[in-house]
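One letter stands for each residue in the lines below.
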Amino acid sequence: MYFFTVLSCPAYTTIMPSLSSSSSSCSTCTFLLSFLFALTASNCAAREISSTSSPRQLSVDYYAKTCPQLEQLVGSVTSQQFKEAPVSGPATIRLLFHDCFVQGCDASILISTTPGSEVLAEKDAEDNQDLRVEGFQTISKAKALVESKCPGVVSSADILAIAARDYVHLAGGPYYQVKKGRWDGKISMASRVPYNIPRANFTVDQQLKLFNSKGLTLEDLVVLSGAHTFGFAHCKQFVSRLYNYRGSKQPDPDMDPRLLKALRMSCPQFGGNSDTVAPFDVTTPFVFDHAYYGNLEAKLGLLASDQALFLDPRTKPLVLQLGTDKHKFFQAFAAAMEKMGSIGVERGT
Ligand code: HEM
């Protein structure tokens, strides 16, 4: 069993300098709203999303003429970063999820709070405090490289979607084509985060309601949760399951006693190290496989929201199926990532 302690705190406010520096290349973009935050889309693509405008389609060959080497450029960054820091994989996939669920896939998660402003950007919201710095670093590096070869063309939102796909594949998961053509947003507000990001203690009903509100189905919920086949969670996300589950003063009966014992050693009820994390998948924490589903069946789910997918009769059959069929999971995951990666991007003006 592996346990990891994160010793350094990520510096969330100091990242992404290259993103805001691209503003000079964007002559027609104006920044009128001083209380908002300027992440300029380098292709002048920073637009506000409007619900009244015409449909917008993404396409695999969106940059075929303007930046044909885009995928190789991003790939050179992700493969290097994956070698140096494999946690960049789960970090970036979670970053995409948190971007897409709040105001659509518009890279608004990357925008920094304007110094001195009282209005916080998304990344400074409570629910985003544990997003790892390695995810932000990946996009920052990739954006800088892409800008050097294809100045003023590619949106950060597209780079994030490509990088997430790269990491899924590098970690052993499926390779899938990424459709592109997202526009970067220029509005980012922490106040929009809390009701758009699911919590570790959410019931299936609560998770489903949120996913449905994004145009995602019950199947998408189960399949996308499979991303918890790699990566880590902090003790605070599951500690109540270890000591006082839903106010019972008892541990969660749906956690395997050996996992319970091991997690208790790392995560005391009081006074533990707030940086301590545990792997979602105790056997292969850096591999993108379908072990997540088998773990749920074996009561080895880390979060209550994960284990709930096995306990609920609506989701259990799919959990069982995906646990025995890696090919089906990989196919379904690729399709669900395309759906998630399209949230909110089809209605731009
Ligand atoms: C369905 C409801 C979901 C809930 C309640 C949830 C909740 C969480 C929580 C609490 C963490 C641990 C954060 C920490 O302590 O650092 C986490 C990590 C993670 N989540 Fe989710 N999540 C959900 C769905 C998703 C989806 C849809 C994806 C992507 C497709 C995703 C990808 C990840 C990844 C990869 C990590 C590990 C991050 C890392 O190690 O840096 N999650 N999630």
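Residues numbered from 1 in each chain as written. Predicted model: local features only at pLDDT ≥ 70, side-chain atom pairs only at ≥ 80, totals over all residues. Heavy atoms only, no water.

### Some thoughts on the state of the cysteines
As used in these notes, a disulfide is a covalent bond between sulfur atoms, one from each of two cysteines. Cut-off, in case you're wondering: Cysteine sulfur atoms are paired as a disulfide whenever they come within 2.5 Å of each other. Exposed residues in this analysis have more than 50% of their type's maximum accessible area, buried residues have under 20%, and partly exposed residues fall in between, with area computed by a 1.4 Å probe over protein chains only. Helix numbers and strand numbers start at the N terminus; a helix is a DSSP run of H or I with at least 4 residues, a strand a run of E with at least 2.
Under the defined criterion, the tally for this structure stands at three disulfides. Here C100 is linked by a disulfide to C105, with a sulfur-sulfur distance of 2.1 Å. Taking the torsion about the sulfur-sulfur bond, which here is approximately 120 degrees, the covalent link between C100 and C105 counts as right-handed. We classify C100 as buried; its relative accessible area is 0%. Here C235 connects covalently by a disulfide to C267, the sulfurs 2.1 Å from one another. Between C235 and C267 the sulfur-sulfur dihedral comes to about -65 degrees; the bridge is accordingly left-handed. Taken together, the positions of C235 in the loop between β2 (232-234) and α8 (239-243) and C267 in the loop between α9 (257-266) and β3 (276-279) put the pair 32 residues apart, joining distant regions of the chain. Here C235 falls in the buried class, since its relative accessible area comes to 9%.

### Observations regarding the packing of helix α2 (residues 70-84) against helix α5 (residues 156-170)
Definition in use: Here an axis means a line fitted to C-alpha atoms, over the contact stretch when the element is a helix, while the angle between two N-to-C directions is reported on a 0 to 180 degree scale. Any angle that falls under 35 degrees is termed roughly parallel, while one over 145 is termed roughly antiparallel, one within 65 to 115 roughly perpendicular, and all others oblique. Left-handed describes a crossing in which the near helix is turned anticlockwise from the far one by less than a right angle; the clockwise case is right-handed. We call two residues contacting when some pair of their heavy atoms lies within 4.5 Å. In the scheme used here, Gly and all other residues not listed as nonpolar or charged are polar, with Ala, Val, Leu, Ile, Met, Phe, Trp, Tyr, Cys and Pro taken as nonpolar and Asp, Glu, Lys and Arg as charged.
Contact geometry of α2 with α5 gives a least axis separation of 9 Å together with a crossing angle of 50 degrees. The orientation of α2 relative to α5 falls into the category oblique. Like other packed secondary-structure pairs, α2 and α5 cross with a definite hand, here right-handed. For the pair α2 and α5, contact is made by L70, E71, V74, G75, T78, S79, Q81 and F82 and by I159, I162, A163, R165, D166, Y167 and L170, respectively. Here the residues of the contact of α2 with α5 sort into eight nonpolar, four polar and three charged.

### Regarding the pattern of salt bridges
If the charged atoms of two oppositely charged side chains come close together, the side chains can form a pair. Filter applied, for reference: Each reported salt bridge corresponds to a side-chain nitrogen of Lys or Arg within 4 Å of a carboxyl oxygen of Asp or Glu.
Scanning the entire structure with this criterion turns up 13 salt bridges. Residue R165 pairs with D166 through a salt bridge whose shortest N-O separation is 3.0 Å. No difference in accessibility class separates R165 from D166, as the two residues are buried. We note a salt bridge from D312 to R314, for which the minimum N-O separation is 2.8 Å. The network of salt bridges with shared partners includes E71, R165, D166 and K180.

### Some thoughts on the coordination of the iron atom of the ligand
Note the following rule: Water is not among the atoms examined, so metal sites may look incomplete; donors are the N, O and S atoms within 2.8 Å of the metal, or within 3.2 Å for Na, K and Ca.
Here the protein supplies the iron atom of the ligand with just one donor, H228 (NE2), and that contact is 2.1 Å long. Following the sequence through the fold, H228 ends up in the loop between α7 (218-224) and β2.

### What about the packing of aromatic side chains?
Spelled out, the test is: Pairing of aromatic side chains requires ring centres within 6.5 Å, counting the rings of Phe and Tyr and the six-membered ring of Trp. Pairs whose planes differ by under 30 degrees are stacked, by over 60 edge-to-face, and all others tilted.
Under the definition given, this model contains 14 aromatic pairs. Taking 4.9 Å as the distance between ring centres and 85 degrees as the angle between the ring planes, the aromatic pair formed by Y62 and Y63 counts as edge-to-face. Taking relative accessible area as the criterion, Y62 reaches 33% and is therefore assigned partly exposed. With a relative accessible area of 3%, Y63 lands in the buried category. Judged by centre distance (5.4 Å) and plane angle (90 degrees), the rings of F230 and F288 are edge-to-face.

### A few points about the packing of helix α4 (residues 133-149) against α5
Relative orientation of the contacting elements α4 and α5 amounts to 120 degrees, with a least axis distance of 10 Å. Relative to α5, α4 is oriented oblique. Two packed elements cross with a definite hand, and for α4 against α5 that hand is right-handed. Residue-level inspection shows T138, I139, A142, K143 and V146 of α4 in contact with α5, the latter providing S156, I159, L160, A163 and Y167.

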